[in-house]
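Chain and residue survey
The chain contents come next:
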Amino acid sequence: MLGRLFGRRSDAPPPAANGDVQAEDTADGATAATVASSPEPADADARRAGEGEAPDGGAPGGAVARPVAVSLTDGEPAQKKGWLSRLTAGLAKTSSRLTDGITSIFTKRKLDGETLEDLEDLLIGADLGVETSSRIIETISKSRFEKGIGPEDVRRILAAEVGRVLKPVAQPLIVDASRRPHVILVVGVNGSGKTTTIGKLAAQLRREGKSVLLAAGDTFRAAAIDQLKVWGERTGCAVLAREVGSDSSGLAYDALKQAIEAKADVLIVDTAGRLQNKQVLMEELEKVIRVMRKLDPSAPHDCVLVLDATTGQNALNQVEVFRQRAGVSGLVMTKLDGTAKGGILVAIAARFALPVHAIGVGEGIDDLSPFDPDEFAQTIAQI
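First, a word on scope: everything that follows refers to the structure included in this document. (Residues numbered from 1 in each chain as written. Predicted model: local features only at pLDDT ≥ 70, side-chain atom pairs only at ≥ 80, totals over all residues. Heavy atoms only, no water.)

Side note on the overall build of the chain
Here is the rule: Put simply, DSSP marks the helices as runs of H or I at least four residues long and the strands as runs of E at least two long, and each gets a number from the N terminus on. Note on classification: 1.4 Å probe, protein chains only; a residue is buried when its accessible area is under 20% of the maximum for its type, exposed when over 50%, partly exposed between these limits. Contacts: residue pairs with any heavy atoms within 4.5 Å of one another. Per-residue and other accessible areas follow the Shrake-Rupley method at a 1.4 Å probe size, with only the shown protein chains counted as cover for residues.
A count of helices and strands for the chain gives 13 helices and 11 strands. Going through the 383 residues of the chain one by one, you find that 56% of them count as buried. Counting only contacts in the chain whose residues sit at least 6 apart along the sequence, the fraction spanning at least 24 positions is 76%. Looking at the chain as shown, the accessible area adds up to about 15300 Å², and 49% of this sits on carbon and sulfur atoms.

Here it is in structure tokens:
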């Protein structure tokens, strides 16, 4: 499952000893991330960095949380059967709404114009999108079914069409071994699950033996900073963090500088949740990207937008704006277990054709999985 999510393994050698990325003072007083040969004591979880100002508004100083070595389960994060059970449970609201509606429409009813209109309303109501819903209706109307078409036939067509839309966008998040670090910028609106997703990605990368540095770029919320530090401790990753209200672009610059000096495999940068219609906040996000490119013109190498499935149609607008302003390269959809409108992922795929790297159906560390379009389509259609 890890290979599917991250595409291929890094050619770099595994981290020394326990592989924890930790902090050490450099000659000029800055704080750099390096690969440690032994774990740090649990009570030495943070310290001040040396004074200095990052380019383009970077805030001076900072704190680096030292991770505690954590033993993670070897192998895949969940057995296939276990994941399918969670996916089925997570999509239960969406699939029940669709399949119950299909059964109600087609049981003892003729395949006529009124029936097809009711079905189209049902599909659009599940946020599958007008385009996909119309194609499903067209396929059914052109099929050689007799008037006694059954719910099972409709569900099979639904699964086939959903799978057709989703297959081209199901792409793993590839960590490029030639880049050290490979920079992943994680963006999204408030409450979408960005920080939790970062923690889950970090856990899976660490299982592969990669060294990972996390940057707590959501400097507006103390809770977000603390949450990322907890994930750092759980996964054995160093976390670069500063006081609430610090400049996020300066933190991103310093994090990339440390990751370069440490030759870390991956740098994952958290960002503040921001509504897509807030101009000032979007400009700040653009500044984060601009400042990192002073050190690496190709950074970030991935800009992952985390979407909350419960937002429904609003997710379409989020993709549009974040793609324009931040250059979103791929998607992760969370909270599919909390909505009856999980079909929004289909509408997004049909409109934007952006890679979907993973989906989440819970808060557990293993509740993030590579996106499998066939599993998703069959689960939604209950076939």
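The discussion continues.
Regarding the pairing of strand E9 (residues 330–334)
In the case of a regular strand, side chains alternate between the two sheet surfaces. Heads up, the rule is: At least two DSSP bridges between two strands are required for those strands to pair. When the strands point away from the viewer and the path from the first strand over the helix to the second turns clockwise, the crossover is right-handed.
In terms of burial, E9 is a largely internal element, five of the five residues being buried. Across five bridges, the pairing between strand E8 (residues 302–308) and E9 is parallel. Paired with Leu305 across the bridge in E9 is Leu331. In the classification by handedness, the crossover that spans E8, the intervening helix H11 (residues 314–326) and the parallel E9 is right-handed.

Some details on the packing of helix H6 (residues 151–166) against helix H12 (residues 344–352)
The cut-off we apply is this: For helices, the axis comes from a line fit to the C-alpha atoms of the stretch in contact; other axes are also lines fit to C-alpha atoms, and the angle between any two N-to-C directions lies between 0 and 180 degrees. Working rule for angles: under 35 degrees goes down as roughly parallel, over 145 as roughly antiparallel, 65 to 115 as roughly perpendicular, anything else as oblique. Crossings are sorted by hand: turned counterclockwise from the far helix by less than a right angle, the near helix makes the crossing left-handed, and turned clockwise it makes it right-handed.
Two numbers describe how H6 lies on H12: the axes approach to 9 Å, and their chain directions differ by 50 degrees. The angle between H6 and H12 places the two elements in the oblique class. Handedness of the H6/H12 crossing: left-handed. On the side of H6, the interface is formed by Val162, Val165 and Leu166, while H12 contributes Leu345, Val346, Ala349 and Ala350.

Quick look at the nonpolar core
Where we set the bar: The set of buried Ala, Val, Leu, Ile, Met, Phe, Trp, Tyr and Cys residues whose side-chain atoms join them within 4.5 Å is what this entry labels a nonpolar core.
Of all hydrophobic cores here, the largest spans 76 residues; its most connected members are Leu119, Leu158, Ile348 and Phe376. One finds Val266, Val304, Val332 and Leu368 within the second-largest nonpolar core, a separate group that totals 23 residues.

Focus: the side chain of Asp302
For clarity, the cut-off: Only four residue types enter the charge count: Lys and Arg as positive, Asp and Glu as negative, with His and the chain ends excluded. The working definition used for a salt bridge is a side-chain nitrogen of Lys or Arg within 4 Å of a carboxyl oxygen of Asp or Glu.
Structurally, the position occupied by Asp302 is in strand E8. Despite its burial, Asp302 pairs with no opposite charge; the closest candidate is Arg179, at 6.6 Å N-O. When sequence neighbours within four positions are dropped, the list of residues in contact with Asp302 reads Leu173, Ile174, His182, Val183, Ile184, Leu185 and Ser329.

Things to note about helix H13 (residues 373–381)
Structural remark: α-helix, 3.6 residues per turn; residues separated by three or four positions point the same way. Heads up, the condition is: Between N or O atoms, a polar contact is any pair within 3.5 Å; within protein, one atom must be a potential hydrogen donor and the other a potential acceptor, and residues adjacent in sequence are included only when both atoms are from side chains.
Among the nine residues of H13, seven are classified as buried, and the element is accordingly described as predominantly covered. Looking at H13, one finds that the buried residues are Pro373, Glu375, Phe376, Ala377, Thr379, Ile380 and Ala381. With a side-chain oxygen positioned 3.0 Å from the backbone nitrogen of Asp374, the residue opening H13 is Asp372. Note on H13: the residue one or two positions beyond its end, Gln382, has a positive phi of about 55 degrees.

Focus on the packing of aromatic side chains
To keep it simple, the criterion reads: Note on aromatic contacts: the rings of Phe and Tyr and the six-membered ring of Trp form a pair at centre separations within 6.5 Å, being stacked when their planes are under 30 degrees apart, edge-to-face when over 60 apart, and tilted otherwise. Note on criteria: charge over ring means Lys NZ or Arg CZ within 6 Å of the ring centre, with the direction from the centre no more than 35 degrees off the ring normal.
The tally for this structure, following the rule as stated, stands at one aromatic pair. Across from the ring centre of Trp231, 4.4 Å away, lies the NZ or CZ of Arg234, which sits over that ring.

Details of the pattern of salt bridges
Across all of its chains, the model carries 14 salt bridges by this definition. The partner of Lys167 in a salt bridge is Asp374, with the nearest N and O atoms 3.6 Å apart. Of this pair, Lys167 sits in the loop between H6 and strand E4 (182–187) while Asp374 sits in helix H13, and the two are 207 residues apart along the sequence. On the basis of relative accessible area, Lys167 is assigned to the partly exposed category, the value being 47%. By relative accessible area, which is 34% here, Asp374 ends up partly exposed. With a closest N to O distance of 2.1 Å, Arg242 and Asp254 form a salt bridge.

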